[in-house]
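Listed below, chain by chain, are the residues.
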There are 2 protein chains.
Amino acid sequence: MTTIKDIADRLGVSSGTVSKGLNGADDISEALRNKILETAVEMGYTKKSIHRQDTRKLCIFIENMDYYLEDDFGYDIILGFRQAAFKESWDVEVIPVSHDFQIKRPYDPFMLGRSISGALLIGFSWSDPWMKELETTKVPTILFDNYIKDNPMCGSVGSDSDEGIGLAIDHLAGLGHRKIAFLNGPEGSMISESRLDAYKKSMDKHGFAFSNRFIAHCPYSAEEAAGFVSKFIDVGVTAIICGNDTIAFGVEKECARLGYSVPGDISVIGYDDIPGCEKSDPPLTSVKQDRIQLGKCCYYVLYALVNGVSLSRNLLRTSLTLRGSTARVNERFPE
Amino acid sequence: MTTIKDIADRLGVSSGTVSKGLNGADDISEALRNKILETAVEMGYTKKSIHRQDTRKLCIFIENMDYYLEDDFGYDIILGFRQAAFKESWDVEVIPVSHDFQIKRPYDPFMLGRSISGALLIGFSWSDPWMKELETTKVPTILFDNYIKDNPMCGSVGSDSDEGIGLAIDHLAGLGHRKIAFLNGPEGSMISESRLDAYKKSMDKHGFAFSNRFIAHCPYSAEEAAGFVSKFIDVGVTAIICGNDTIAFGVEKECARLGYSVPGDISVIGYDDIPGCEKSDPPLTSVKQDRIQLGKCCYYVLYALVNGVSLSRNLLRTSLTLRGSTARVNERFPE
């Protein structure tokens, strides 16, 4: 067990100075404080207070995701996490972080400096500087829709793609569709890979033939989605499942522009079931990720990690919210 | 909210009689008590006491799995679950159940009658009568290595097959093996399916060719495993990954009987890392499922379910325990 004296000896300063650095006193320089925190992390020091009931502190880091308004994707995730954590007397700080912030403040020293026992990270991508640090972090950390290999301190939470995509294809199959396309999110993310797997498995299960011409990757953008629609229609597709709702909104709009009716000619299904689905034209059938539940899941898995239990990948149940964008296949629609 | 009076009215008995049935008083007949419990479940009645701190009760049901001795597979799972649950003031009852028991005592009424808030089931297979009931149970329930579709009250916990099988193949690849067979557990279980998937993915990742002759399904029995060994050797296999340690023990023994050295000619890897691995000849390299951790995971996921959060599929980290049954590929070994 590393002590404050060990850190002081290593740095050639007094124990008092190390204490000040660890506890955020403002009469030492920022540079010395950071040096103390980094050395403490390197030597494996942990504050005893982290495990005291009266100072239980968790945090949520957010990068590149809106969360301020009720309709924002992150809003309910944070709300659910807080609801579950507050019930068990944790303080939860919400900290938006930029690329620069991450470079300036290495992850483990930052957490130690603030006495935070564990964190949820949402909206992060592989280009974020902290992602590399997570491969060796000693801080219990949950990633939403991302997965860190080989580090038992990191857990992953997301919705069950097999279930979600399976529900979408089952529903379309029940309406007589067989030529079902998948306009996936961008290539190279864990979530796009698992949804593509799920699409292939479910199409196989139903015995529906599909080729690479039924599959495309697209940024999460309505504008960019438009370009894929006519290609799908050209190969006889009668239904399009989309990687998220924003892509689906773009598909609905482009169908209308091309003179095809949704759902008369083409059925469209989104993913996430964000509040905008009710207002789209027509209202969008979508795979629901209940974001309050997602936030709560993140808390419970983080809680296991904080207790030394290395839950790794964890999936939440999904459901399908039926609205007006899916209908019986149009038999007269030219193949 | 169903009340005791509602149940009494439905059954045409007094409220006092219903109370007796719900609370296990012994001055009413077993048949009437069961009738009361079944009706209560059917009407959606829940005891308020289930959520009181002083009567928090969980249980572990065991079918077809040894757990009494330290070396038994179930022992550490139960220990881990109890350790995590006791820390949070839950009573945990361990209840071995037979096929007959399950037929005589329907699941939900049994749980209500005992005021149990949630359960972990280990060792159950699809032929167990309660598995059908779990599709509609209202009781938070965790299954180890099994998964119930479409019921958010049921969660699944197991080790991460992708990671475990991946570690085994990475290790063998590092030793120069390319012709790696997989002697999987019996066909038709979730766990065998996911490990076979993992094997194929990892072999593909390494660019190692494999055919169906590299893959077989086998009961979890050392004796039955023996029959597969010469078939693998005939097609040039230099390493065999096994669905569990018992299968691997059988493979080691059969290799010796056929005059092949383990690991000189054939490398062997087990799965689970049970205590017997140290004593086998040679000591068995095995994918470790830390069963204490597994038990703790089961508790944390059950805890989320009891709190209304529908975590569905959850995976624990694995590791590879290196012992004497794997070595550099024998280049002189005839292909």
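See the structure shown above.
If you're wondering where the values come from, they're calculated on a predicted model, not measured in any experiment. (Residues numbered from 1 in each chain as written. Chains lettered and ligands numbered in written order. Predicted model: local features only at pLDDT ≥ 70, side-chain atom pairs only at ≥ 80, totals over all residues. Heavy atoms only, no water.)

All names here are of chain A. Applying the stated criterion across every chain yields a total of one cavity of 30 Å³ or more. Here the largest cavity is characterised by a volume of approximately 40 Å³. In terms of lining, the largest cavity is formed by N34, L37, E38, K104, R105, P106, P109 and F110. Mapped onto the lining of the largest cavity, the elements with two or more residues apiece are α3 (30–42) and α6 (107–113). The greatest single-element share of the lining of the largest cavity, amounting to three residues, is contributed by α3. (1 Å grid on protein atoms, 1.4 Å probe; cavity = no way out; pocket = protein on both sides within 12 Å on 5 of 7 lines; lining within 4 Å. Points joined across faces, edges and corners; volume = space filled by probe spheres on them. Helix = DSSP H or I, 4+ residues; strand = E, 2+ residues; numbered from the N terminus.)

Of the transformation placing chain B onto chain A, the axial shift is 0.0 Å and the rotation is 180 degrees, giving an RMSD of 0.1 Å. Here the two chains are linked by the operation of a two-fold rotation axis. Ranked by how close their C-alpha atoms come to the rotation axis, the residues of chain B are headed by N314 of chain B, at 2.1 Å. By residue overlap, the copies meet face to face through one surface: 100% of the interface positions of chain B are interface positions in chain A. (Least-squares fit on C-alpha atoms with pLDDT ≥ 70 in both. Contact = heavy atoms within 4.5 Å.)

So, about the interface of chain B and chain A. Listed as interface residues are 30 residues of chain B and, on the opposing side, 30 residues of chain A. Both sides together, the interface formed by chain B and chain A hides about 2600 Å², and carbon and sulfur atoms give 43% of it. Contact with chain A buries area across many residues of chain B, yet Y300, R313 and R317 of chain B alone supply 28% of it, more than any other trio. R313 of chain B is the salt-bridge partner of D160 of chain A, the closest N and O atoms lying 2.7 Å from each other. Linking chain B to chain A there are 23 residue pairs in polar contact (both at pLDDT 80 or more). Of all the secondary structure elements, the ones that give two or more residues to the side of chain B that touches chain A are α8 (161–174), α12 (291–306) and β11 (311–316) of chain B. Across the side of chain B that touches chain A, the residue classes break down as 13 nonpolar, seven polar and ten charged. Pairing between strand β11 (residues 311–316) of chain A and β11 of chain B: five bridges, direction antiparallel. Residue pairing for β11 of chain B: N314 of chain A is matched across the bridge by N314 of chain B. (Buried area = accessible area lost by both parts, 1.4 Å probe. Salt bridge = Lys/Arg side-chain N within 4 Å of Asp/Glu carboxyl O. Polar contact = N/O pair within 3.5 Å; in protein donor to acceptor, adjacent residues only side chain to side chain. Nonpolar A, V, L, I, M, F, W, Y, C, P; charged D, E, K, R; others polar. Pairing = 2+ DSSP bridges.)

The quantities given are spatial measurements derived from coordinates; they are silent on function.
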